[in-house]
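Summary of the model geometry
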Amino acid sequence: MQMSTKTETNPVAAKGANSGATIKTLLNDFIAAELQALTGLEDVNPNVITASKPEFGDYQANGVMGLAKRVGSNPRELGAALIARLEAANNPLIDHYELAGPGFVNIYLASEALRERANAILNNPAALINTTHTPQRIVVDYSSPNLAKEMHVGHLRGTIIGDCLARVLERQGHEVIRQNHVGDWGTQFGMLITFMRESEADTNPLTALADLEGFYRAAKERFDADAEFAARAREAVVRLQSGDPAYLTAWQSFIDTSLSHCQAVYDKLNVTLSHADLKPESFYNPQLQQIVERLQQADLLTDSDGARCVFLEQFVGKDDSPLPVIIQKSDGGFLYATTDLAAVDYRSHDLKADRSLYVVDARQSLHFQQVFAVAAAAGFSTEGISLEHVSYGTMMGSDGKPFKTRSGDTVKLVELLDEAIARAFTLVSDKNPELEEQQRRDIASSVGIAAVKYADLSKNRTSDYVFDWSSMLSFEGNTAPYLMYAYARIKSLLAKQTDTAISDDAQTNPRIPDTFALSSEERALLLKSLQIAEAVQAVSQDCYPNTLSNYLYELAGVFMRFYEACPIQGTEAGVRATRLGLCLLAAESLKQGLELLGIDTLERM
Ligand code: ARG
């Protein structure tokens, strides 16, 4: 397998993105250095955060109180001493400081420095979001459906959240290795290929598989009703796993069909997964025996009713009975955990990843805790790798129960997405009846998909969330239509200005001039637009996409306040140029931010 090395030039950096730092990091590093000099301590953290209220400045350093405790001094005195040093250092980024409350340091940025940053970005939009100084190789395991059935709503969240994380990490300059750990190797496939071989005589299997879900149901019915069929199905698994060519061929054709169903969903969803990202469970099959042997050598295996298990003392069930991780069943079969142990080994030792993210349902959290613990105990993971279960809650219907169709079936993902597009079409047609039908269809397919994605990405991923068509498709509130509309509105506002010399110049060579003082709304929009870099950085560390969506929603709000307070038409040249520059900057942040969420913006809506 061909692997690019970590030293290779990073594609984002090569395109001229800025590998500088966010405002927050600059402030934190600057104040940390001064605090170090002041206290003589090495490990100080000024803990700079975005100010929680406008009256606390633009940013605030909250680390002084804790530090004062550590060195046994008065926090306000330490704060005052720090401010004296900071002032003497004369950082051009900062206008002034304020000591507040028990020892907070409020920081007011210099508008001039903000203007300069903004102008640099307007000349090079790639510089809006800086890349990291410490690029890592990061595996993102996401989507990963079982191929026995069609993708259903249960796969929606993992696919959307994982794709957002992959985009964000890549944008930050990390090397992302997507891994679609599809389930293609369990006992279910014995049943499916037996059913397939049987029906091959009278039906074209590809026609039968057009409705994979129906095919699965029919096979399962047959399996449950007919003991002789069930016995053949069990035998088929053994034949398949021992490499019988006829069974492998049947299996492969089933898998190919199922994968084409998945790819259709990915394409519709505008998700970046492709064939090249597949690393199916079957890939690890040749390693599984070895996994057992290595566990044996590490003295971790125990026989329990013929099954080979690992018992770790930190995992206990009810009444403190030890919980096993089953590695191999008594009939020789391997389990989900066995494959995952092989995958940890592969990601650690072959891919040599620094982080491996598992974007998987929260209900599998015990599974991952166990896999990570066994992997560490057996040396399948290296010390250098951070294994992280990026878990998410269940998608609920409006009745508060896991999302189902009216008849109680699981909802096929493809049908859900088509419904989103159909609903968006009605909406767009109501709003813009004058547009050509094709245009309305195009807008609807973007808006419908965006609405579904954004509804998910704007919630804290760890909670269950209620899937609700009307709120996700609303043009008000924290929704995709609202943000996409805000973007389109800025674009049309800018388009209207092309007739004047000033705006022509502002668009081809945009500059926010320093000839007049910014109003509070203008300054707020300037600062907010620049802060996208901080939101993106937070997502890359903590893997909560809602940090970015909340930021975008706030940005749109700040823009609306600016828009109401600051007319563009009929104002003097410098003011107009400034406001146009600010519009361009805000539009850029909205566009780049939505793109990282996997949402394409529309210039007209
Ligand atoms: N196929 C599994 C499921 O549908 C998810 C796999 C997640 N990834 C992993 N490495 N276990 O539940």
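Shown above is the structure to which this text applies.
Let me sum up the structure you'll find in this document.

What counts and what doesn't
- Residues numbered from 1 in each chain as written.
- Predicted model: local features only at pLDDT ≥ 70, side-chain atom pairs only at ≥ 80, totals over all residues.
- Heavy atoms only, no water.
- Pairing = 2+ DSSP bridges.
- Helix = DSSP H or I, 4+ residues; strand = E, 2+ residues; numbered from the N terminus.
- Axes fitted to C-alpha atoms, helices over the stretch in contact; angles between N-to-C directions.
- Phe/Tyr/Trp six-rings, centres within 6.5 Å; stacked < 30°, edge-to-face > 60°.
- Buried < 20%, exposed > 50% of the residue type's maximum accessible area, 1.4 Å probe, protein only.
- Near = heavy atom within 4 Å.
- Polar contact = N/O pair within 3.5 Å; in protein donor to acceptor, adjacent residues only side chain to side chain.
- 1 Å grid on protein atoms, 1.4 Å probe; cavity = no way out; pocket = protein on both sides within 12 Å on 5 of 7 lines; lining within 4 Å.
- Sits in = over half its atoms within 2 Å of the grid points.
- Nonpolar A, V, L, I, M, F, W, Y, C, P; charged D, E, K, R; others polar.
- Parallel < 35°, antiparallel > 145°, perpendicular 65-115°, else oblique.
- Left-handed = near helix turned anticlockwise from the far one by under 90°.
- Contact = heavy atoms within 4.5 Å.
- Arc of directions from axis to C-beta.
- Points joined across faces, edges and corners; volume = space filled by probe spheres on them.

What follows deals with the sheet that holds strand β4 (residues 104–109). Spatial ordering of the open sheet is given by β1-β2-β4-β3, a layout of four strands whose pairing is antiparallel. Taken across any chain shown, the strands that pair with only one partner, and hence form the sheet edges, are β1 (48–50) and β3 (94–100). On average, adjacent strands in this sheet sit at an angle of 25° to one another, irrespective of strand direction. Of the strand pairs in this sheet, β3 and β4 are connected by six bridges, and their pairing is antiparallel.

Considering all chains together, one arrives at 17 aromatic pairs under this definition. Judged by centre distance (5.1 Å) and plane angle (70°), the ring pair of Phe283 and Tyr346 falls under edge-to-face. Of the two residues, Phe283 sits in the loop between α11 (245–269) and α12 (288–297) while Tyr346 sits in helix α13 (residues 336–350), which places them 63 residues apart along the sequence. Centroid distance Phe559 to Phe562: 5.7 Å. Interplanar angle 45°. Geometry classified as tilted. Here Phe559 and its partner Phe562 are both found in helix α22 (residues 546–565), three residues apart, which amounts to about one turn of the helix. On the basis of relative accessible area, Phe559 is assigned to the buried category, the value being 2%.

Right, let's get into the site of the ligand. Within the structure, the ligand sits among Asp141, Ser144, Asn146, His155, His181, Tyr336, Asp340, Tyr358, Val360, Gln364 and Phe368. Within the side chain of Asn146, one N or O atom sits 2.9 Å away from a nitrogen atom of the ligand. Within the side chain of Asp340, one N or O atom sits 2.7 Å away from a nitrogen atom of the ligand. The site holding the ligand turns out to be the largest pocket. Secondary structure elements with two or more residues in the shell around the ligand: α13 and β10 (355–361). Each residue belonging to the shell around the ligand can be placed in one class, and the counts come to four nonpolar, five polar and two charged.

It is worth spelling out the packing of α11 against helix α15 (residues 413–431) at this point. If you want to describe how two helices pack, look at the angle between their axes and the distance between the axes. α15 packs onto α11 with a crossing angle of 25° between their chain directions and a minimal axis gap of 10 Å. It follows from the interaxial angle that α11 and α15 lie roughly parallel. Considering the relative orientation of α11 and α15, their crossing is left-handed. Residues Val265, Lys268 and Leu269 of α11 pack against Leu413, Val414, Leu417, Asp418 and Ile421 of α15.

Within α12, the full set of buried residues consists of Leu288, Ile291, Val292 and Leu295. Across the axial projection of α12, the buried residues extend over an arc of 100°, all falling on one side. For α12, the elements touching its buried residues are β7 (301–304), β8 (307–316), β9 (322–328), α13 and α14 (365–378). A positive backbone phi angle near 65° is found at Asp299, which sits one or two residues after α12.

This part covers the layout of surface pockets. The computed volume of the largest pocket comes to approximately 1,400 Å³. For the largest pocket, the lining is made up of 50 residues, of which Asn146, Gly186, Gln188, Glu281 and Tyr336 are closest to its centre. At the level of elements, α7 (188–200), α9 (212–225), α10 (227–241), α13 and β10 are the ones that each hand at least two residues to the lining of the largest pocket. No other element matches α10, which puts five residues into the lining of the largest pocket. If you go around the second largest pocket, you meet 26 residues; those closest to its centre are Thr50, Ala524, Leu527, Lys528 and Gln531. Where the lining of the second largest pocket is concerned, the elements lending two or more residues are α20 (520–530), α21 (532–542) and α22. Here the residues of the lining of the second largest pocket are counted per class, giving 10 nonpolar, seven polar and nine charged.

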